[in-house]
Amino acid sequence: MKLTLEFGGGLELLCNSEKEHVIDIMPEDGEQKLTMKYLLSWVCKELIKERREMFMKGDTVRPGVLVLINDTDWELCGQLDAVLNDKDAIVFISTLHGG
């Protein structure tokens, strides 16, 4: 299944300064559906090589990271339990800025 991931608000710096990633991913072994929980663990393992704590806290995104699934706030989609489909677009935007 192909997904488009976009990182903004500084999160792209955690992914080799690349804002957009088109990935090919399958559900976790033994699972029928791809969930956001599995996608987040995959992103941490495959895309973010250092400073993962800037993206994740526990098994979810840090407070201050806005997550959109097909332009809809993931809180309306079920957050970690949201089921993803082929060609979905997931956007991660940090709303926290230093100064």
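All values reported here derive from a predicted model rather than from experimental measurement.

Rules used throughout
- Residues numbered from 1 in each chain as written.
- Predicted model: local features only at pLDDT ≥ 70, side-chain atom pairs only at ≥ 80, totals over all residues.
- Heavy atoms only, no water.
- Helix = DSSP H or I, 4+ residues; strand = E, 2+ residues; numbered from the N terminus.
- Rg over C-alpha atoms; globule rule 2.2 N^0.38 Å.
- Buried < 20%, exposed > 50% of the residue type's maximum accessible area, 1.4 Å probe, protein only.
- Contact = heavy atoms within 4.5 Å.
- Lys, Arg positive; Asp, Glu negative; His and termini not counted.
- Charge placed at Lys NZ, Arg CZ, Asp CG, Glu CD.
- Pairing = 2+ DSSP bridges.

**Q** Would you take a moment to explain the overall build of the protein for this structure?
**A** Regarding its fold elements, the protein presents 1 helix and 9 strands. Starting at the N terminus and ending at the C terminus, the protein contains elements arranged as β-β-β-α-β-β-β-β-β-β. Against the globule reference of 13 Å for 99 residues, the protein gives a C-alpha radius of gyration of 13 Å, in line with a compact fold. Expressed along its principal axes, the backbone C-alpha trace of the protein runs to roughly 45 × 25 × 25 Å. Each of the 99 residues in the protein was classed as buried or not, and the buried ones make up 37%. Pairs at least 24 apart in sequence give 54% of the contacts found in the protein among residues at least 6 apart. Distance from the positive charge centre (11 side chains) to the negative charge centre (18 side chains) of the protein: 4 Å.

**Q** Is there a simple way to explain the sheet that holds strand β9 (residues 89–94) in this structure?
**A** Picture the strands of a sheet paired through backbone hydrogen bonds; they go either parallel or antiparallel. As summarised here, the arrangement of the 5 strands in space is β2-β1-β9-β6-β7, forming an open sheet in which the pairing is mixed. Edge positions in the open sheet fall to β2 (20–24) and β7 (72–73), since each of these has one partner strand only. Across 5 bridges, strand β6 (residues 65–69) lies against β9 in antiparallel orientation. Of the residues in β9, the one forming a bridge with L66 is I93.

**Q** Before we go on, may I ask you to explain the environment of V22 in this structure?
**A** By the secondary structure assignment, V22 is in strand β2. Judged by its relative accessible area of 56%, V22 falls in the exposed class. Setting aside residues no more than four positions away along its own chain, V22 makes contact with L3 and T4.

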